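Coordinate inspection notes
Below, each chain spelled out in residue letters.
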Amino acid sequence: MDPVIILELNHFANLCGHFYNAGYHDFSLPNCNNGYNCNRPDQEEGTEVGDRFIKSCYGWSCPLGYPPDKHDLKKYGVIEDESEGEEGDEEADLDYIIVSDPETVRRLREMGVTGLATRTMEEAEAWEAKHGQEI
């Protein structure tokens, strides 16, 4: 089985198909979320601008995935696991996203995107059994 797809959020934004800069499409708009905008219908986070709602691209509210915590990054081999139990392991790392939407995972795999994870699900489960969730 292939590893889960974990990407840096900025990289994923350029691949997801929903990221855009609202200000480039309508120059009358103020800068909303520094140009990190989303046109996915089920994205709920954003900014009201007059009678419009400009959706924002955030890893923590992305309908296509979720931000991993440091333990997840270690478990999937994205970062070294030498500092097990380090304070803050349970906090989400908002620089990354675990892509969980099946259609998006399929599309990314068809594009040849493998992500940053170096361990398959089975290998991650074995790592988990050995290291546990030491927080």
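Refer to the structure printed above.
Just so we're clear, the structure is a prediction, and the values are computed from it rather than from any experiment.

With respect to the element layout, tryptophan 60 can be found in the loop between β5 (52-55) and β6 (65-66). C-alpha separation for the pair tryptophan 60 and isoleucine 97, spaced 37 residues apart in sequence, amounts to 8.4 Å. In contact with tryptophan 60, other than residues within four places in its own chain, are Glu45, Pro67 and Leu94.

Before going further, it helps to examine helix α4 (residues 102-110). Among the residues making up α4, those that are buried are Thr104, Val105 and Leu108. Projection of α4 onto a plane perpendicular to its axis shows the buried side chains occupying an angular sector of 100°, all on one side. Residues Pro102 and Glu110 are exposed on α4 and point more than 90 degrees away from its buried face. Turning to α4, the residues buried within the fold contact β1 (6-8), α1 (9-13) and β7 (96-99). Glycine 112 occupies a position one or two residues after α4 and carries a positive phi of about 90°.

Another aspect to go through is the pairing of β5. By the bridge criterion, 4 bridges tie strand β4 (residues 46-49) to β5 in an arrangement that is antiparallel. Counted as the bridge partner of glycine 46 is lysine 55 from β5.

Now for the sheet that holds β6. In spatial order, the strands read β1-β7-β6; together these 3 strands make up an open sheet with antiparallel pairing. The sheet is open, and its two borders are formed by β1 and β6, each paired with just one other strand. With 3 bridges connecting them, β1 and β7 associate as antiparallel partners. In the sheet register, leucine 7 faces β7, and the bridge partner there is isoleucine 97.

Okay, the pairing of β7 next. Of the two faces of β7, the one carrying Tyr96 and Ile98 and the one carrying Ile97 and Val99 are both buried. Relative to β7, β6 runs antiparallel, the two sharing 2 bridges. When the sheet's bridge partners are listed, glycine 65 is paired in β7 with valine 99.

Right, let's talk about helix α5 (residues 121-131) for a bit. Buried residues of α5: Ala124, Trp127 and His131, and no others. Around the axis of α5, the buried residues are gathered within 60° of arc, so they sit on the same side. Counted as exposed and oriented over 90 degrees from the buried face of α5: Glu125 and Ala129. Structurally, α5 contributes buried residues whose contacts are with α3 (70-75). Positive backbone phi, approximately 65°, marks glycine 132, located one or two places after α5.

Definitions and limits used
Residues numbered from 1 in each chain as written. Predicted model: local features only at pLDDT ≥ 70, side-chain atom pairs only at ≥ 80, totals over all residues. Heavy atoms only, no water. Helix = DSSP H or I, 4+ residues; strand = E, 2+ residues; numbered from the N terminus. Contact = heavy atoms within 4.5 Å. Buried < 20%, exposed > 50% of the residue type's maximum accessible area, 1.4 Å probe, protein only. Arc of directions from axis to C-beta. Pairing = 2+ DSSP bridges.

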